[in-house]
Amino acid sequence: MRTQLHGSMAAIVLLILAAATFFGPGATRASASTGDESGTTSSEPPSTAGNLPSTAGNLPSTAGNLPSTAGIYRLPSQTLVDIVDAPKTPWVRVSPDHEWLVLMGRPSYPSIAELAERELKLAGLRIKPRINAPSRAWTANGLTIVRMDDLSERQVSGLPDNPRIQYLRWSPDGERFLFTNTTADGVELWITDVESASAVRLTDPVVSLTAECGPCWLANSRTVVLLFVPEARGAEPVPPRVPGGPIIQESIGRRAPVRTYADLLKNEYDEKLFEYYLTSQIVRVTLKGEVTPIGEPGIVWDFDPSPDGEYILVHTLHRPYSYLVPASRFPMRIEVLDMNGRIVHEVADHPLRDEIPTARGSIYTGPRSVQWRSDAGAMLSWAEALDGGDAAAEADERDRLFLLDEPFTGVPDTLMTFELRFLNVTWGSGDLAIATEWWWETRTVRAWRAHPDAPETEPSLLKDRSWEDRYNDPGEPIMTTNEMGRSVLLTAGDGRSIYLIGDGASPEGDRPFLDALDSNTGESTRLFRSEAPYYERPVVLLDGGRRIVTRRESVDEVPNYFLRDLETGELRQVTAFTHPTPQLLGIEKELITYEREDGLQLSGTLYLPEGYDPDTDGPLPMVMWAYPREFKSADAAGQIDDSPYRFDWVGWWSPLLWLTQGYSVLDGPAMAIVGEGDQDPNDTYVPQLVSSAAAAVDEVVRRGVADRDRIAIGGHSYGAFMTANLLAHSDLFAAGLARTGAYNRTLTPFGFQSEDRTLWEAPEVYFEMSPFMHADKVNEPLLMVHGEADNNSGTFPMQSERFYSAIKGLGGTVRLVMFPHESHSYRARESLLHLLWETEEWLDTYVKNRDLSDADE
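Residue numbers restart at each chain and count upward from 1, following the sequence in its written direction. pLDDT decides what is reported in this predicted model: residues at 70 or higher carry local features, side-chain atom pairs at 80 or more are listed and counted, and totals for whole chains, interfaces and linings draw on all residues regardless. With hydrogens and water stripped out, all remaining heavy atoms of the structure feed into the side-chain values.

A.B. asks: Help me out: how do you make sense of the overall build of the protein chain in this one?
C.D. replies: Helix and strand counts for the protein chain stand at 11 helices and 49 strands. Only C-alpha atoms enter the radius of gyration; for comparison, a globular chain is expected to reach 2.2 Å times N to the power 0.38, where N is the number of residues. Over its C-alpha atoms the protein chain spans a radius of gyration of 27 Å, differing by no more than 12% from the 29 Å that the globule rule assigns to 857 residues. Once the C-alpha set of the protein chain is aligned to its principal axes, its extents read approximately 80 × 75 × 60 Å. Relative accessibility under 20% of the residue-type maximum defines a buried residue, over 50% an exposed one, and the middle range a partly exposed one, all with a 1.4 Å probe and only protein chains included. Within the span of the protein chain, comprising 857 residues, buried residues form 61% of the whole. Starting at the N terminus, helices and strands are each numbered in turn, a helix being any DSSP run of H or I of at least four residues and a strand any DSSP run of E of at least two.

Shown next, in the form of structure tokens:
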């Protein structure tokens, strides 16, 4: 079962809005340390306990006394090596009955040899053919079960040697959990009994994960539904020795704008490989290992059993394929099958979806977001566009949400009609569901209470707000698992009050909270709020709201789980994770605010090395690490979006590494780009960016913690784009660090980041925002890093190669490091350590030990 995002809805949720929440898209600014062009890519999966052959290719070094290191991986200072190699804090999974925790041990980073194994890039997917699974998955390597009432721990026995565990999922009754284990030959299904803490293998390595559809339980907690590699699949197609003819694409008078995608199909042989590896067989597997096929093999893109276990909703792909869009836009048939594989209802058969308008909020027509109503046995829900799917079209009504109960032969009921674009629906009971709608241009999100069992009842408005406004974010609902194993809204005894957990953004920083919301009146009651000097976030509600499980942390205390009694205030520690990077104990952290020249309030998080005193030690060289974000509201742009009490996870991606090397750090200084009313933010991108950066520099210099002539600016992806622009359009920084960026916006002509207009609609904006067009102005040293296998939309490796050539040709100081086999974020230990070596050498040469004789030039 997978989570699907379609059309430009995927672009919104993945590229702009970060995380779709209960009352709308999350408004938290993408972390400057891990953000990318999508605002979502991180270096690795966040911990739920909180959160090269050639390194220079054939390019000569132009970095002064920095050597060209072609063919050699280098190591940075030992302190940096130790931080990269630090033990990782386990992931945590809570049982549906809240009686157990599973701690999932995490291995160290993979080797470059692992990344160099054969990988297929097909229709937006990256597949390791040897194992019929994604090639770049994060896995666990150990399991520990913790009983909540007495905190006793037991290691799970029976695990294979060196397990590679994924898809851990609890059974509805909480008595066991499943997981997959990846071997050298494929993927197996395993089951763990909680009481005995023992694991057994249920299948041979025949599980198919190529479509990233993991196993799922039926409601009886005795049967698992998953995908197998078809028994009669045969051998992999053989590539043609000689091309049979040219590759031809044609478009005759139809508008089909698409954004830039990576890893697309290129020819007929790719199509054959796609069908070979994506074709799978849906099966049922019992706890005794008995296997029963469901239907015939097909290119299964998604499957989801009905809550009562009687049916299965199946999405399958079919021809004709496209060389311009990924598999998620291929023709897709959506059907309901019974458990014998008989088709009982066809929901839709969508054609190739390559003509979706690029305007934010555009979507394909016909049924979408097709899902089971999670609080009912077998009732379908889906949305359909009423405006032709075009967000640019004038329309009084945009979407409609439908319901259809088994046996799926009647006329669908209309649950709601939306003035804006439907986002999602969260099910609770026959009298309670929360449906949300949103609109990009106004950043509006609305939440409505609906009545699924009485669709004729008028929905009531719960919230109507801007998702940019973090200070008034009501939070997300606490979910519970019903008797069918499905997530539904947790309600109080009255059946109408729900519980919300939120970040609690405020002028003093984030202070997480727990609220009870009366869905009849819309009024909320505060049950808990985090207090300084801790950042404490509710996770699970127990005993009808008397106790909660929280995740508690501070600047020097790693996040751990606690049991908190809301009536007595008693606090009991559940986990005892230790500080993974003691090299950073004692650092000073401060949330600072300052003002841009136009009066806009900005903020950032300042870090100083342990024991540092600016009055006696003087200003330090500084590393600033940032990621720009666009706003439609100046008030929202000025809001604080961090906490001075959070623990900072520090790894290869974090600028806090440089605290150990004698630098001060300003992480996440707000680079706010505001366009209120009819003005687009990017119309004044460059002057606002420079003004934001200048305000940050002035503030840290005023505080005496940074030497104005020894400040580096850096960022990842859109942060790299920002870095290049700041070097081109200002003289604020001594050097730049640009990782995996895009620098020529004419190569993304149908929009980028939050830019909705095309190159032909706003050519001056594309030109002005492209640092490639201003490469002659880049007169500070720039270290560029890129993964040769970058698959992120818009940041093709060619972007860095062309920008490097431009700066080099114009006589600038620049170094380009291309990491073999690395994607948008980097994984191999050798790559990570070499990255830090490059960065350390660059910073020491051009920042810490900068020749200040030319500082005023």
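A.B. asks: Mind showing me how you'd approach a negative patch on the surface here?
C.D. replies: A surface patch of negative charge is lined by E310, D405, E406, D413 and E456. Turning to its location among the elements, D405 is positioned in strand β24 (residues 399–405). Using a relative accessible area of 40% as the deciding quantity, one classes D405 as partly exposed. Only residues above 30% relative accessible area that lack a salt bridge enter a patch, with like-charged residues linked at up to 9 Å and the nonpolar side chains Val, Leu, Ile, Met, Phe, Trp and Tyr linked at up to 5 Å. Residue exposure ignores everything except the shown protein chains as possible cover, and the areas themselves are Shrake-Rupley values with a 1.4 Å probe. One speaks of a salt bridge when a side-chain nitrogen belonging to Lys or Arg is within 4 Å of a carboxyl oxygen belonging to Asp or Glu. As used throughout, the charge tally considers Lys and Arg to be positive and Asp and Glu to be negative, leaving His and the chain termini uncounted. By convention, the point assigned to a charge is CZ for Arg, NZ for Lys, CD for Glu and CG for Asp.

A.B. asks: Would you mind going over the environment of D173 with me for this structure?
C.D. replies: Turning to its location among the elements, D173 is positioned in the loop between β10 (165–170) and β11 (176–182). Counting along the chain gives 308 residues from D173 to T481, while the straight-line C-alpha distance between them is 9.3 Å. In this structure D173 touches D97, S221 and R222, once residues within four positions along its chain are discounted. A distance of 2.7 Å separates polar atoms of two side chains, one belonging to D173 and the other to S171. Only heavy atoms matter for contacts: two residues are in contact if any of them lie within 4.5 Å across the pair. The definition of a polar contact used here is a pair of N or O atoms within 3.5 Å, where within protein one atom must be able to donate a hydrogen and the other to accept one, and adjacent residues in sequence count solely through side-chain atom pairs.

A.B. asks: I'm lost on the pattern of salt bridges in this one. Help?
C.D. replies: Pairs may arise between side chains of opposite charge once their charged atoms sit close together. Enumeration according to the criterion identifies 59 salt bridges in this entry. Ionic pairing is found between R176 and E175, a salt bridge with its closest N-O pair at 3.9 Å. Looking at R176, the relative accessible area reads 11%, which means it is buried. Salt bridges here are not isolated pairs; linked through shared partners, they connect R368, D387, R398, D399 and R421.

A.B. asks: Can you help me understand the sheet that holds strand β37 (residues 547–553) in this one?
C.D. replies: The strands making up a sheet associate through hydrogen bonds between their backbones, and the pairing can be parallel or antiparallel. In spatial order, the strands read β36-β37-β38-β39; together these four strands make up an open sheet with antiparallel pairing. Bordering the open sheet on either side are β36 (535–542) and β39 (571–573), each of which pairs with just one other strand. Here the strands of the sheet are splayed against their neighbours by 30° on average, with no regard to which way each runs. Criterion used throughout: strands pair if DSSP finds at least two bridges between them. The sheet contact formed by β36 and β37 spans seven bridges and is antiparallel. Bridged to P538 within β37 is T550. Simply put, an axis is a line fit to the C-alpha atoms, just over the touching stretch for a helix, and the angle between two N-to-C directions goes from 0 to 180 degrees.

A.B. asks: When you look at the sheet that holds β11 in this model, what are you seeing that I'm missing?
C.D. replies: Spatial strand order, β10-β11-β12-β13: four strands in an open sheet with antiparallel pairing. Bordering the open sheet on either side are β10 and β13 (198–201), each of which pairs with just one other strand. On average, each strand axis in the sheet is inclined to that of its neighbour by 25°, with strand direction left out of account.

A.B. asks: It is not clear to me how the packing of helix α7 (residues 685–702) against helix α8 (residues 718–729) should be interpreted in this structure. Could you clarify?
C.D. replies: When two helices pack together, their arrangement is given by the angle between their axes and by how far apart the axes lie. Two elements in contact, α7 and α8, have axes separated by 10 Å at closest approach and are oriented at 85°. Our classification of the angle between α7 and α8 gives roughly perpendicular. Seen from α7, the contacting residues are Y685, V686, L689, V690 and A693; seen from α8, they are Y718, F721, M722, N725, L726 and H729. Gly is put with the polar residues, along with every residue not named as nonpolar or charged; the nonpolar set is Ala, Val, Leu, Ile, Met, Phe, Trp, Tyr, Cys and Pro, and the charged set is Asp, Glu, Lys and Arg. Considered class by class, the residues forming the contact of α7 with α8 number nine nonpolar, two polar and no charged. Angular relationships are summarised with four words: roughly parallel below 35 degrees, roughly antiparallel beyond 145, roughly perpendicular across 65 to 115, and oblique for the angles in between.

A.B. asks: Help me understand the packing of aromatic side chains in this model?
C.D. replies: The description of an aromatic ring pair rests on the distance of the ring centres and on the angle between the ring planes. Aromatic pairs are defined between Phe, Tyr and Trp rings, using the six-membered ring for Trp, whenever the two ring centres lie within 6.5 Å; interplanar angles under 30 degrees are classed as stacked, those over 60 as edge-to-face, and all others as tilted. Overall, the coordinates contain 25 aromatic pairs when judged by the stated rule. Seen in terms of ring centroids, Y743 and F803 are 4.7 Å apart; in terms of plane orientation they differ by 20°. Their pairing is stacked. Taken together, the residues Y743 in the loop between β47 (735–739) and α9 (763–769) and F803 in helix α10 (residues 797–809) connect sequence positions 60 residues apart. The same class applies to Y743 and to F803, which are both buried. Here the aromatic cluster, defined as three or more aromatic residues joined through ring pairs, consists of W170, F177, F179 and W190.

A.B. asks: Before we go on, may I ask you to explain unusual backbone geometry in this structure?
C.D. replies: Trans peptide bonds make up most of the peptide bonds, and negative phi angles are found at most residues other than glycine. Following E406, the chain continues into P407 via a peptide bond in cis, with omega recorded as 10°. Following A532, the chain continues into P533 via a peptide bond in cis, with omega recorded as 5°. Take P533: it is sitting in the loop between β35 (524–529) and β36. We note that H821 has phi near 70°; this positive angle belongs to a residue other than glycine. Mapped onto the elements, H821 comes out in the loop between β49 (814–819) and α11 (829–848). Note on H821: relative accessible area 30%, which makes it partly exposed.

A.B. asks: Honestly, the pairing of strand β12 (residues 187–193) in this entry has me stumped. Any pointers?
C.D. replies: Moving residue by residue along a regular strand, the side chains alternate between the two faces of the sheet. Counting buried residues in β12 gives six out of seven residues, a clear majority hidden from the surface. Across seven bridges, the pairing between β11 and β12 is antiparallel. Among the inter-strand pairings, R176 is bridged to a residue of β12, identified as D193. In this structure, the hairpin formed by β11 and β12 is closed by a connection of four residues, where G186 is found at a positive phi of approximately 155°. Direction of pairing for β12 relative to β13: antiparallel, over a ladder of four bridges. Residue pairing for β13: D193 is matched across the bridge by S198. Hairpin remark: β12 followed by β13, antiparallel, with four residues in the connecting loop; positive phi at A197, about 55°.

A.B. asks: Any chance you could explain the environment of L120 here in plain terms?
C.D. replies: With respect to the element layout, L120 can be found in strand β5 (residues 120–122). A relative accessible area of 8% means that L120 is categorised as buried. Separated by 519 residues in the primary sequence, L120 and Q639 place their C-alpha atoms 44 Å from one another.

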